[in-house]
Every structure is written in C-alpha cells, then in structure tokens.
Amino acid sequence: MEQRESHRAIRFNLTPEPCSHGIFKGYVRLDRINSAARNNPSQKFKALVQQFTIENLRQAFRSLDGSKAVGIDQITKDHYAKNLEVNLMSLADRIARGGWRPQPSREVLIPKASGGTRPLAIGCLEDKIVQQLGAKILEAIYDDSFHRHSFGFRPKRNTHQAIARLYKVVQERSEHCVVVEMDLEKFFNSMDHEKLIEILSVRIEDHHFLRLIRRMLRNSILTEEGEIRQNERGTPQGSPISPILANIYLDACLDSWFQQNWGQKAQMVRYADDAVFVFTDMNKAAEFKISLASRFEKFKLKINDDKSGIMNFNSKSPEAEIQFLGFHLYWGKKSLDSSKKLLKVKTSPKKLGKSIEAFSEWIKTARNRLTLDKIWEQTAQKLRGHYSYYGLIYNRQKLSYFYFTIVGTLFKWLNRRSQKKSYTWDGFAKRLRYKPLPKPSEAALIDITSGIVPELKRKMKSRMRKSRTYGSERSPGLSPVFT
C-alpha cells in the first residue's frame with residue numbers, strides 16, 4: 001500500500017515536459033492552452049497565473065534580446081544570467097504571492113518620419129521577463145481567434161504577406177475598386193485601460209492574472225526630464241506585451257465588428273493600426289467610413305485624418321496611390337508600348353528619402369570612427385537589410401536608385417575624412433570591382449502577385465546546431481550557450 005502511494009505521488013509531482021516544437025517551443029502547458037482555445041473559441045480560462053513557473057520564466061528570459069537597451073536598474077541579460085535560477089525563483093515567488101510590481105520604465109523619444117516623436121518605454125529586464133511570458137499566455141488564448149487578414153505582430157505573419165493580400169484584393173476588383181485607408185492617431189497611447197480589461201474579462205476569469213496585466217498597463221514612466229509620470233492610458237510601446245494587447249483591443253473594436261457588419265460587402269487588410277478596406281461601391285464605402293468613425297468613438301480612439309481617406313482606385317482612372325506599410329500601390333503601364341494598366345508596387349518616396357538620409361547621417365559619424373573594411377561591411381549589411389524589406393516584384397527601379405545613391409554618398413563622405421582626398425573615382429570603382437557591394441537582384445525579389453508569400457522565405461539557414469551549441473554538429477560533448 002505504501003509503495004502504491006509513493007508511486008502515485010511521484011507520478012503527480014512530475015513536471016510536464018515543455019513543448020518541443022511550434023511557436024510555444026520551450027514553454028510548459030501553453031500549447032495545451034492554445035489547443036483548448038482553438039477547439040472552443042468561447043471557453044473561459046482560469047488559473048492562468050499558475051503558468052508563471054520557473055520553467056516558463058526561464059524560457060521567457062531566453063527569448064529576450066540581450067542587445068536591447070537596459071532599464072533604469074541597468075541590469076543586462078548577461079548580468080541577470082549569472083545567478084539565473086535564484087533570480088527566477090525569487091521572481092516566481094513574488095508573482096505567486098501577488099507581490100510583484102514593475103519598476104518605472106525609462107522613456108526614450110524616437111523621431112518619426114512624418115515629424116514629431118514616438119515615445120518608447122524601456123522596461124527593466126525582470127519586468128520584460130514577466131511581460132514576455134504574459135504575452136505568450138495571451139497569444140495562446142487569442143491568436144487563433146484573430147481575423148485571418150490581420151498580419152501585424154503575429155507569429156508566422158509579416159508585412160510582405162499583408163502587401164500580397166492587399167495586392168490580390170485590389171487586382172480582383174480592378175475595374176470597380178474603391179479604397180478606404182485608415183490610420184489611428186497615437187493608437188498605442190490611446191487605448192483605454194478599463195475597456196481593455198473588460199475585453200480580456202470575456203475569456204479570462206483569473207483576477208490574479210488580470211491584476212498583473214493592469215499593473216503592466218499602469219506602470220509609471222521616467223521621462224527624459226527626470227519626472228515620474230503615471231500611465232493612465234495606452235500601453236507603452238517597447239513593452240513585449242504591447243503588440244498582443246493592441247491586437248486584442250483592435251480585434252474587439254474593429255475586426256469582429258467589420259466581419260459581422262461589412263464582411264459580405266468589402267475586404268479588409270490590417271497590420272496593427274494601419275488598415276485598408278476595399279469596396280466595389282463608392283456609396284457603401286462612404287457609409288462605412290462614417291460608421292467606422294462612430295465605432296472608434298465608443299472605444300475612445302481617433303482616426304488620423306492626414307493618413308486616412310477614401311478614393312477610387314480602378315485601373316481606368318485611379319485618383320491616387322494606396323499607401324501601406326512603407327509601399328505605394330499604383331496602376332502603371334504593363335509595358336512601354338502598351339496602354340494596358342498593371343498593378344505595381346514601389347517604395348514610398350518618403351520612406352526612400354528617410355532611408356537615404358539615415359545612411360548619410362551614419363556615414364558622417366562612421367567615416368572617422370571605423371576602418372574602411374568595417375565601413376564597407378556595414379554598408380553591405382544596410383543594403384541587404386533594405387532589399388530584404390523593400391525587395392518586392394515591380395520595385396527593382398527604386399531598389400537600384402537606392403543602391404546608386406548609397407554608393408555615391410559613400411564615395412562623397414569617404415573623401416571627406418581629411419583635407420586630402422582619400423579616393424579618386426577610379427580608385428573607388430576599383431575597390432567596388434574587387435569588393436562589390438550587394439546589388440538588387442531580380443531573382444531575389446518577392447513575388448506578391450499570387451497573394452501568398454512563404455512565411456520563411458527570408459529566413460537564413462544556420463549551420464549551427466538548433467540547440468545553440470558551440471562548434472559543429474559532429475563535435476561531441478558540447479553544452480548549450482544558455483542553460
């Protein structure tokens with residue numbers, strides 16, 4: 001009898017194995033929560049705070065980017081890892097007792113391309129761990145219920161897929177296309193806390209977990225002037241949990257409402273707070289635009305009139321170009337000697353100018369600080385980064401313009417490293433021949449005309465082991481980088 005009881009105790013005390021694959025790889029039980037949420041969209045979840053275990057906190061710690069800016073406590077990922085298990089045990093205990101509270105986030109103002117600044121909140125590392133795990137729990141519950149054409153901040157989805165979907169929707173309605181563009185004014189800073197908690201309460205009945213979310217939302221912010229400001233509205237950008245909270249808020253505010261009331265009359269493509277609605281009738285589109293503004297008022301949101309509007313976008317007489325995620329969709333000639341129109345994509349002129357300006361500012365400071373080889377290497381990285389985002393079919397001309405402008409800017413500022421010219425153009429061109437900078441390749445451009453973009457098209461294959469070990473796969477007895 002005693003032996004049977006001991007076996008039973010051992011069986012129930014075993015820690016469940018972490019998920020071995022998928023978006024919840026390394027986390028314990030989150031795949032089960034995701035499966036339950038997917039099978040029953042109306043299911044309510046309790047005891048979610050129990051998922052803040054040491055195992056899950058450890059995985060959340062591992063998933064954080066150690067190169068990001070540090071919070072007010074100046075603790076880096078490497079420093080926290082020196083005593084990782086003790087730190088995580090203390091953190092898990094505080095969360096279980098209800099004693100965890102985030103430290104103030106450090107505010108950083110980032111200049112926006114359209115002017116003004118965007119406030120980012122840089123949290124402390126321990127707060128980021130809790131926020132990261134909270135985001136994963138919410139993702140397990142909500143992601144599968146989101147609108148299928150919502151692409152922002154979701155696993156296995158990206159901007160290229162959003163552009164491809166919009167391209168297909170417009171192409172299918174080329175002769176009778178009416179577009180409503182929507183952009184929300186200061187969306188992340190405008191979300192109402194009580195409304196968000198009310199939305200979460202529909203599927204989450206764990207008041208301890210909701211209390212954690214409320215504390216994350218109301219976390220105070222240390223401004224650049226050194227003042228402590230209480231956060232009464234919105235979710236600070238830069239927080240790991242902000243993207244999923246934004247999607248939950250917009251799904252309740254916009255996506256579900258649109259699908260129920262307008263889904264048979266139009267198509268929607270949304271990426272975070274940028275959305276495009278495609279109609280075939282101007283009257284319906286105008287009616288929708290009015291009701292959309294009214295809908296947002298109920299959720300205390302405001303449309304940005306400068307980036308929102310309604311227009312005819314048919315192939316015969318388009319009124320303007322669609323602006324979406326740094327691209328412009330426009331009707332261009334199918335060929336030089338043809339009058340037929342073809343839907344094309346190009347880099348937004350404003351974004352292209354900002355990218356060139358950013359490179360100019362960088363080379364001005366880097367020319368005397370870095371070696372020539374290092375400057376060459378980082379310039380190649382910047383070119384490849386630009387191509388990886390803007391490298392869509394029909395955009396070859398803008399990519400080539402970017403390449404030649406960057407090469408000209410590089411030559412100009414390398415010659416100003418001292419009073420004496422460092423290069424003649426012949427010498428610079430010779431270096432370009434022997435150590436060429438990457439050019440845009442037609443074969444590498446992403447084809448969006450089918451409306452489908454492979455999710456892992458740009459992901460590089462690593463020659464290292466998946467378990468993050470040192471050395472090659474054949475090297476025996478290796479230990480992981482992080483434990």
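Residues numbered from 1 in each chain as written. Predicted model: local features only at pLDDT ≥ 70, side-chain atom pairs only at ≥ 80, totals over all residues. Heavy atoms only, no water.

A separate point is the sheet that holds strand β3 (residues 178-183). Spatially, the four strands line up as an open sheet ordered β6-β7-β3-β8, and their pairing is antiparallel. Each end of this open sheet is capped by a strand with a single partner; those strands are β6 (267-271) and β8 (309-312). Here the average twist between neighbouring strands, direction ignored, is 15°. As paired strands, β6 and strand β7 (residues 274-279) are joined by five bridges and run antiparallel to one another. By the bridge assignment for β7, Tyr 271 is matched with Asp 274. The sheet contacts of helix α10 (residues 242-261) involve β3, β6 and β7, and relative to β6 the element is tilted by about 170°. (Pairing = 2+ DSSP bridges. Helix = DSSP H or I, 4+ residues; strand = E, 2+ residues; numbered from the N terminus. Axes fitted to C-alpha atoms, helices over the stretch in contact; angles between N-to-C directions. Contact = heavy atoms within 4.5 Å.)

This next bit is on the pairing of β6. With five of its five residues buried, β6 lies for the most part within the structure. Burial along β6 is two-sided: Gln 267, Val 269 and Tyr 271 facing one way and Met 268 and Arg 270 facing the other are all buried. Counted between consecutive antiparallel strands, the loop separating β6 from β7 contains two residues, among which Ala 272 sits at a positive phi close to 55°. (Buried < 20%, exposed > 50% of the residue type's maximum accessible area, 1.4 Å probe, protein only.)

Two elements in contact, α10 and helix α11 (residues 282-298), have axes whose closest approach is 10 Å; the angle formed by their N-to-C orientations is 145°. For α10 against α11, the interelement crossing comes out right-handed. Seen from α10, the contacting residues are Ala 252, Cys 253, Leu 254, Trp 257 and Phe 258; seen from α11, they are Phe 288, Ser 291, Leu 292, Arg 295 and Phe 296. Residue composition of the contact of α10 with α11, grouped by class: eight nonpolar, one polar and one charged. (Left-handed = near helix turned anticlockwise from the far one by under 90°. Nonpolar A, V, L, I, M, F, W, Y, C, P; charged D, E, K, R; others polar.)

Strand order across the open sheet formed by four strands is β2-β1-β4-β5, with mixed pairing between neighbours. Each edge of the sheet is formed by a strand with only one pairing partner; in this case those strands are β2 (117-122) and β5 (228-229). Bridge analysis of strand β1 (residues 105-111) against strand β4 (residues 221-222) gives two bridges, and the strand direction is parallel. Across the sheet, the residue bridging to Ser 105 is Ile 221, located in β4.

Attention now moves to the pattern of salt bridges. Inspection of the entire model under this criterion finds 22 salt bridges. Note that Asp 144 is salt-bridged to Arg 38, the shortest N-O span being 3.6 Å. Residue Asp 144 is located in the loop between α6 (125-142) and α7 (159-172), and its partner Arg 38 is located in helix α2 (residues 30-39); the two are separated by 106 residues in the primary sequence. For Asp 144, a relative accessible area of 42% translates into the label partly exposed. Assessed through its relative accessible area of 43%, Arg 38 is described here as partly exposed. A salt bridge links Glu 194 to Arg 214; its shortest N-O distance comes to 3.0 Å. (Salt bridge = Lys/Arg side-chain N within 4 Å of Asp/Glu carboxyl O.)

There is a patch of like positive charges on the surface, built from Arg 118, Lys 307, Lys 350 and Lys 351. Position of Lys 350 among the secondary structure elements: in helix α12 (residues 349-366). (Patch = residues over 30% accessible without salt bridge, like charges linked within 9 Å, V, L, I, M, F, W, Y side chains within 5 Å. Areas by Shrake-Rupley, 256 points an atom, 1.4 Å probe, with all protein chains shown as cover. Lys, Arg positive; Asp, Glu negative; His and termini not counted. Charge placed at Lys NZ, Arg CZ, Asp CG, Glu CD.)

Counting residues in hydrophobic clusters, the biggest one holds 73 residues, and the most contacted among them are Phe 52, Leu 138, Leu 200, Ile 213 and Phe 277. When residues no more than four places from it in sequence are discounted, the contact partners of Ile 213 are Leu 138, Ile 197, Leu 200, Ile 241 and Leu 245. (Core = buried A, V, L, I, M, F, W, Y, C linked by side-chain atoms within 4.5 Å.)

All right, on to the confidence of the model for the protein chain then. Averaged over all residues, the pLDDT of the protein chain is 86; the fraction at 70 or higher stands at 88%. This stretch, residues 4-13, has a pLDDT under 50; its non-local contacts, to residues over four places away or in other chains, come to zero contacts. Predicted confidence for residues 456-483 stays below pLDDT 50, and this span has 27 contacts to residues more than four positions away or in other chains. (pLDDT = per-residue confidence, 0-100.)

In this section: the environment of Ile 448. Locating Ile 448 in the fold gives a position in the segment after α15 (425-434). Since its relative accessible area comes to 0%, Ile 448 is described here as buried. Each C-alpha atom, one on Ile 448 and one on Arg 165, is 8.0 Å from the other, the two residues being 283 residues apart in sequence. Setting aside its immediate chain neighbours within four residues, Ile 448 contacts His 160, Ile 163, Ala 164, Tyr 167, Val 345, Leu 392, Ile 393 and Val 453.

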